Amino acid sequence: MKKSLLVVVAAVAMLTGCAKQNNKNYILATGGTSGTYYPFGGAMAQIWNEGIEGMNVTAQATGASAENLRLISNGEAEFATVQNDVMDYAYNGSDMFEGKALANLATIGTLYPEVVQIAVSADSKINTIDDFRGKRISVGDAGSGVEFNAKQILEGYGISFSDFQKANLSFKESAEGIQNGTLDGCFVTAGVPNAALQELAFTKGVKLISVDAEHAKKIAAKYSFYTVETIPAGTYKGTDEDVTALAIKATLAVSAKLDTDTVYQMTKTLFENLDKLGAAHAKGKEVTAAKAVTGCSVPFHPGAAKYFKEIGYDVN
């Protein structure tokens, strides 16, 4: 009896061990627990874990884009949600990654827009970006993606940071500065609507400055990670006209070392379950296969490219 029991236990242990070996265990690097990337990443992980046999993806809280790309490059994560502009810098070794390009980066697809919103007070005489010369403008935290967005957009208008009084403030501090009159305008790269700008709209009032079509086209041509978006009228209290803006994209990055079949299966499973993604997180409703192939300056992983080609989008 004892011998038979030992044989059974050994057999179960062997089967369990095989099952564990057959599991695919991956890390999806996201962002802080209070931001969008973390819960959105959790929603994607759930779709993969439920839809692919033996799949075990864990959404991990991190310091967001720059850290996430380093984690993939170093082999400490297989997937990550990142800003596509920061991914471009990392891949090419430019801007915040100047001279320090990261290896092993590839794209699965872009997810939803993070819009560069350019705001002034409702009663401001600033009506165009050209009016920023000589004014007090916040361009986000020093060294942030927002600061690079501001630099690139202003550059398209022939304006440099030396042409105005530059401040490096958070979104909340920027809105407060416009409200109390110590600041004339600010750049905010975030999902629409943004809480700081909503608060400003309810207090002093807010006016959004458009990037006109000609300049938007020129800037997007130079920096291929930008897309052109419309901020609808009524997004903020008192804004009664549509505004043209440039946007970067929250993007699903992947290790270039991951095998083609796995990435193909994960891409297919995600994009065939967008209804579940939308039900799990509001931003999921903004994800489509057609938009996922836009705003990508870093090459697609062969597995993702295979899926998109199958449904009519020839990438790379």
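Our subject is the structure listed above.
What you are looking at is a predicted structure, and each value in this text was computed from that prediction instead of being measured. (Residues numbered from 1 in each chain as written. Predicted model: local features only at pLDDT ≥ 70, side-chain atom pairs only at ≥ 80, totals over all residues. Heavy atoms only, no water.)

**Comments concerning the overall build of the protein**
Summing up its helical and strand segments, the protein has twelve helices and ten strands in all. Dimensions along the principal axes, computed over C-alpha positions, put the protein at roughly 90 × 35 × 35 Å. Sequence separation of 24 or more characterises 73% of the internal contacts of the protein that already satisfy a separation of 6 or more. Counting every atom, the protein has about 14600 Å² of accessible surface; 52% of that belongs to carbon and sulfur. Computed over 28 positive and 34 negative side-chain charges, the separation of the two mean positions in the protein equals 4 Å. (Helix = DSSP H or I, 4+ residues; strand = E, 2+ residues; numbered from the N terminus. Contact = heavy atoms within 4.5 Å. Areas by Shrake-Rupley, 256 points an atom, 1.4 Å probe, with all protein chains shown as cover. Lys, Arg positive; Asp, Glu negative; His and termini not counted. Charge placed at Lys NZ, Arg CZ, Asp CG, Glu CD.)

**What about the side chain of H215?**
For H215, the position within the fold is in helix α8 (residues 213–222). Beyond its immediate chain neighbours, meaning those up to four positions away, H215 contacts G156 and Y157.

**Examining the pattern of salt bridges**
Scanning all chains against the criterion turns up seven salt bridges. Residues R133 and D130 are paired through a salt bridge, measuring 3.4 Å at the closest nitrogen-oxygen approach. Taking the shortest distance from any N to any O, the salt bridge between E155 and K222 comes out at 3.0 Å. Of this pair, E155 sits in helix α5 (residues 145–156) while K222 sits in helix α8; the two residues are 67 residues apart in sequence, bridging distant segments of the chain. Judged by relative accessible area, K222 falls into the exposed class, the value being 56%. (Salt bridge = Lys/Arg side-chain N within 4 Å of Asp/Glu carboxyl O. Buried < 20%, exposed > 50% of the residue type's maximum accessible area, 1.4 Å probe, protein only.)

**Observations concerning the packing of helix α9 (residues 260–271) against helix α12 (residues 302–310)**
Viewed as axis vectors pointing N to C, α9 and α12 meet at an angle of 45 degrees, and their least axial separation amounts to 7 Å. Our classification of the angle between α9 and α12 gives oblique. Crossing of α9 against α12: the hand is right-handed. On α12, the residues that touch T260, V263, Y264, T267, K268 and F271 of α9 are P302, G303, A304, K306, Y307, F308 and E310. Grouping the constituent residues of the contact of α9 with α12 by class yields seven nonpolar, three polar and three charged. (Axes fitted to C-alpha atoms, helices over the stretch in contact; angles between N-to-C directions. Parallel < 35°, antiparallel > 145°, perpendicular 65-115°, else oblique. Left-handed = near helix turned anticlockwise from the far one by under 90°. Nonpolar A, V, L, I, M, F, W, Y, C, P; charged D, E, K, R; others polar.)

**As for the packing of α5 against α8**
Direction vectors running N to C along α5 and α8 enclose 125 degrees, while the axes themselves pass 9 Å from each other. When the axis of α5 is compared with that of α8, the two are oblique. Handedness of the α5/α8 crossing: right-handed. Mapping the contact onto sequence places Q152, I153, E155 and G156 in α5 and H215, K218, I219 and K222 in α8.

**So, unusual backbone geometry**
Omega for the bond connecting V192 with P193 falls within 30 degrees of zero, at 0 degrees, which places this linkage in the cis form. Along the chain, P193 falls in the loop between β7 (185–190) and α7 (195–202). Despite not being glycine, A64 has its phi angle at roughly 80 degrees, a positive value. For A64, the location among the structural elements is in the loop between β2 (55–60) and α3 (65–73). Residue A64 is classed as partly exposed on the basis of its relative accessible area, which comes to 21%. Notably, D95 is not glycine yet its phi reads approximately 50 degrees, a positive angle. When its relative accessible area of 26% is taken as the criterion, D95 is described as partly exposed.

**A closer look at α12**
The periodicity of an α-helix, 3.6 residues per turn, causes residues three or four positions apart to be oriented the same way. What α12 keeps buried is the set G303, A304, A305, Y307 and F308. Just past α12, the residue G312 takes up positive phi, approximately 105 degrees.

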